Amino acid sequence: MDGDPRVEPQLDSFSLTFPLPYRVGFIVTLAVWGWGLNLHGLQLSRIDVPSLIRYPGRTSPAAISHHLSTYRFATVLSTLLGASIVVFWLLTWRVPQRVVDYDWLPMTYLVALVALFVVPLRNLPGHGRRRFLAVLRRVSLGGIAEAKDGKFADILLADVLTSYAKVCGDVFVTVCMFFAPGGSSTDRPNRNCGGVVVVPLLMAVPSMIRLRQCVTEYMRVRNASYHESAAGWGGQHLANALKYSTAFPVLITSSMQRSAEASGTPTPGLYRAWVLAVTINSLYSFYWDVTKDWDLTLFEPAKRHEALRRAPAPSAAVPWGLRERLVFRLPNLYYAVIVLDLLLRFTWSLKLSPHLDRLSSWESGIFVIEFLEVFRRWVWIFFRTETEWIRTTSSPVVGLDDVLLGDYREPGDDDDDDDDEDF
């Protein structure tokens, strides 16, 4: 069967070793490890993440820390992934027909992965997972909590989902290929499975979610009670919504190119439109990361001058383009992250493009770009959380920013929840 022409031309070397279902599981497992590292690094920097996301703090000195419990959950996920993929390799030995035939094994792994998040298993603490699923349900419909109820957690998760847009599409493709007549989830990914519209639409959902959250925040600000708190007229929320809407032209023009290429019709105009859409999305998102999400003054001279004026030390003490207060202290670290964010923003916009998936030789490249976006988002979380912490601990008016609730506990939270994982 090794020379089966139906199989070998369809499977590239990367997919023979690392089929699409395992790639999805790897990215999800990586996300949990990343969140644990975020919690750990921010704790070392004296930033109280649980208070920012309204997660109950540890009440006992003997209780395991949030990041260690997250590492524990990530270890379970990693063990499951490692065991499944090793068995898969032993059964298939990269023989194309065997890789296709044994697609039930990685699909079983994906079901087990979902179960670890959803099913209340006796030997695996569940409070952190329940909290994650509750926030996920709320943001999945574009909902967003009030500041006192954990708005920042909703914003973080919704923004993270935009970085997993391609993964959402890959999940659908995996399931579609598995249930398609004569199909296999470990065959070469067919991202036309289910139609040429479905996958791009699924990839657009995270941006739609975040856009709706921005509109909701704008409507709250327009409410009279928010006017009384001097919160402004809400223009920044509309500008933020506009930022997320710039992802849609990238998806639309890319899908149109893919359809045109499939029909053999030259599309130079569509390509130029796609390049323009990618440029706008990347630069707008980069500007927002630096200026709004991280509160740096690189692109706002007036804000920079005000920071210099207020600084108690000489003006040289305020690094150029940054801000007065730097939790991570090293200015060069901020400059390096700015450059990295610019480069990876353009890479991510390219990955939003479904028409790049049509060549099997791109499979390894697509996965690398997905990994780079996960890395970019992981770095972004450090600086976004730092910014929220500074806003919280520096805000003179309660209500303008998230207030600090270090001893916040939800009704029904007991001390025996202290061993739960916090992803």
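Within each chain, residues carry numbers counting from 1 in the order of the written sequence. Thresholds applied to this predicted model are a pLDDT of at least 70 for local features of residues and 80 or more for the giving and counting of side-chain atom pairs; totals over whole chains, interfaces and linings are not thresholded and use all residues. Each side-chain value is worked out from all heavy atoms of the structure, with water and hydrogens disregarded.

**Points about the overall build of the protein chain**
Working step 1: Secondary structure follows DSSP: runs of H or I at least 4 residues long count as helices, runs of E at least 2 residues long count as strands, and numbering of each begins at the N terminus. The number of helices and strands found in the protein chain is 17 helices and zero strands.
Working step 2: Contacts in the protein chain between residues at least 24 apart in sequence constitute 75% of all its contacts with a sequence separation of at least 6.
Working step 3: When the accessible surface of the protein chain is summed, it comes to about 19,500 Å², and 67% of that surface belongs to carbon and sulfur atoms. Any two residues whose heavy atoms approach within 4.5 Å are treated as being in contact. Each accessible area value is a Shrake-Rupley result obtained with a 1.4 Å probe; residue values ignore everything except the protein chains displayed when judging cover.

**A look at unusual backbone geometry**
Working step 1: We note that Arg54 has phi near 60°; this positive angle belongs to a residue other than glycine.
Working step 2: Within the fold, Arg54 resides in the loop between helix H3 (49-52) and helix H4 (66-92).
Working step 3: Within the chain, Arg329 stands out as a residue other than glycine whose phi angle is a positive 70°.
Working step 4: Accessible area is worked out with a 1.4 Å probe on protein chains only. A residue is then buried under 20% of its type maximum, exposed over 50%, and partly exposed in between. Overall, Arg329 belongs to the exposed group, its relative accessible area being 67%.

**As for the UniProt feature "transmembrane region" (unreviewed entry) in the protein chain**
Working step 1: The sites that UniProt annotates as "transmembrane region" (unreviewed entry) are residues 20-37, 73-92 and 104-121.
Working step 2: A helix fraction of 100% and a strand fraction of 0% characterise residues 20-37, whose end C-alpha atoms lie 26 Å from each other.
Working step 3: Taken end to end, residues 73-92 is 100% helix and 0% strand, and its two terminal C-alpha atoms sit 29 Å from one another. UniProt positions are given in the numbering used here, feature names are shortened, and annotations may be inferred rather than shown by experiment.

**Observations concerning the packing of aromatic side chains**
Working step 1: Note on ring pairs: Phe, Tyr and Trp rings are taken, using the six-membered ring of Trp, and paired if centres are within 6.5 Å. Classes follow the plane angle, with under 30 degrees stacked, over 60 edge-to-face and the rest tilted. The tally for this structure, following the rule as stated, stands at 22 aromatic pairs.
Working step 2: With 6.0 Å between their ring centres and 80° between their planes, Phe18 and Phe26 make a pair best called edge-to-face.
Working step 3: You can call Phe26 partly exposed: its relative accessible area is 27%.
Working step 4: Ring geometry for Phe328 versus Tyr334: centroids 6.4 Å apart, planes at 40°, classification tilted. The pair Phe328 / Tyr334 is uniform in exposure class, with both members buried.
Working step 5: What links up through ring pairs into an aromatic cluster is the set Phe14, Phe18, Phe26 and Phe367.
Working step 6: Note that Arg377 overlies the ring of Trp380, its terminal NZ or CZ placed 4.4 Å from the centroid. Only lysine NZ and arginine CZ atoms are considered, and such an atom sits over a ring when it is within 6 Å of the ring centre and within 35 degrees of the ring normal.

**Observations regarding a nonpolar patch on the surface**
Working step 1: For patches, a residue must show more than 30% relative accessible area and have no salt bridge; joins then use 9 Å for like charges and 5 Å for nonpolar side chains, namely Val, Leu, Ile, Met, Phe, Trp and Tyr. Any carboxyl oxygen of Asp or Glu within 4 Å of a side-chain nitrogen of Lys or Arg constitutes a salt bridge here. A cluster of nonpolar side chains, Val196, Val197, Leu201, Val205 and Met208, forms an exposed patch at the surface whose accessible area comes to about 410 Å².
Working step 2: Looking at the secondary structure, you find Met208 in helix H10 (residues 198-222).

**Section: the state of the cysteines**
Working step 1: Our working definition of a disulfide is a cysteine sulfur pair at a distance within 2.5 Å. Counted according to the given criterion, the structure contains one disulfide.
Working step 2: Here Cys176 is linked by a disulfide to Cys193, with a sulfur-sulfur distance of 2.0 Å. Here the disulfide of Cys176 and Cys193 is left-handed, its torsion about the S-S bond being about -85°. One end of the pair, Cys176, is in helix H9 (residues 165-179); the other, Cys193, is in the loop between H9 and H10, and 17 residues separate them in sequence.
Working step 3: Here Cys176 falls in the buried class, since its relative accessible area comes to 18%.

**Quick notes on the packing of helix H2 (residues 20-44) against H4**
Working step 1: Whenever a helix is involved, its axis is fitted only over the stretch in contact; in every case the axis is a line through C-alpha atoms, and angles between N-to-C directions fall within 0 to 180 degrees. In contact at an axis separation of 9 Å, H2 and H4 are set at 160° when each is read in the N-to-C sense. In this view, H2 runs roughly antiparallel relative to H4, as classed from their interaxial angle. The element H2 and its partner H4 pack so that their crossing is left-handed.
Working step 2: The residue classification treats Ala, Val, Leu, Ile, Met, Phe, Trp, Tyr, Cys and Pro as nonpolar and Asp, Glu, Lys and Arg as charged. All others, Gly included, are polar. For the contact of H2 with H4, the class distribution of residues is 14 nonpolar, 10 polar and no charged. Angles are sorted into four bins: roughly parallel if under 35 degrees, roughly antiparallel if over 145, roughly perpendicular if 65 to 115, and oblique for all others. Left-handed describes a crossing whose near helix is turned anticlockwise from the far helix by less than a right angle; the clockwise case is right-handed.

**Points about the pattern of salt bridges**
Working step 1: All told, the structure shown has 16 salt bridges when counted by the stated rule.
Working step 2: For Asp289, the salt bridge identified is with Arg376, shortest N-O distance 3.5 Å. Here the residue Asp289 occupies a position in helix H14 (residues 268-293), and Arg376 occupies one in helix H17 (residues 363-394), the gap between them amounting to 87 residues. Across this residue pair, the class does not change: Asp289 and Arg376 are buried.
Working step 3: Because the salt bridges share partners, they merge into one network encompassing Asp289, Asp341, Arg345, Glu373 and Arg376.

**Remarks on helix H8 (residues 151-163)**
Working step 1: When the terminal C-alpha atoms of H8 are compared, their 19 Å separation across 13 residues agrees well with the 18 Å that a helix rising 1.5 Å per residue should span.
Working step 2: When you tally the buried positions in H8, you get 13 out of 13 residues, the bulk of the element. Residue count minus one, scaled by 1.5 Å, sets the expected span of a helix.

**Some details on the environment of Ile53**
Working step 1: Among the structural elements, Ile53 can be located in the loop between H3 and H4.
Working step 2: Residues Ile53 and Phe152, spaced 99 residues apart in sequence, show a C-alpha to C-alpha distance of 5.7 Å.
Working step 3: Filtering out sequence-adjacent residues up to four positions away, Ile53 remains in contact with Trp35, Arg131, Gly150, Phe152, Ala153 and Leu156.

**Focus on the nonpolar core**
Working step 1: Residues belong to one nonpolar core when they are buried, are Ala, Val, Leu, Ile, Met, Phe, Trp, Tyr or Cys, and are joined through side-chain atoms within 4.5 Å. Counting 64 residues, the largest nonpolar core has Tyr22, Ile53, Trp294, Ile338 and Phe383 as the members making the most contacts within it.
Working step 2: With nine residues, the single largest contributor to this core is H17.
Working step 3: Residues Leu20, Val173, Val199 and Leu251 belong to the second largest nonpolar core, which totals 10 residues.

**A look at the side chain of Glu386**
Working step 1: Along the polypeptide, Glu386 turns up in helix H17.
Working step 2: Look at Glu386 and you get buried, because its relative accessible area is 0%.
Working step 3: If sequence neighbours within four positions are ignored, Glu386 has contacts with Ile47, Arg323, Arg325, Leu326, Val327, Phe328 and Tyr334.

**Some words on the confidence of the model for the protein chain**
Working step 1: What pLDDT expresses is the predictor's confidence in each residue, scored from 0 to 100. Of the residues in the protein chain, 79% reach a pLDDT of 70 or more, and the chain-wide mean stands at 82.
Working step 2: For the protein chain, helix H11 (residues 224-227) is the element with the lowest average pLDDT, namely 52, and H2 is the one with the highest, namely 96.
Working step 3: Here residues 1-8 scores under 50 on pLDDT; set against residues more than four positions off or in separate chains, the count is 11 contacts.
Working step 4: Per-residue pLDDT stays below 50 along residues 396-423; that stretch engages in 81 contacts with residues further than four places along the chain or on separate chains.

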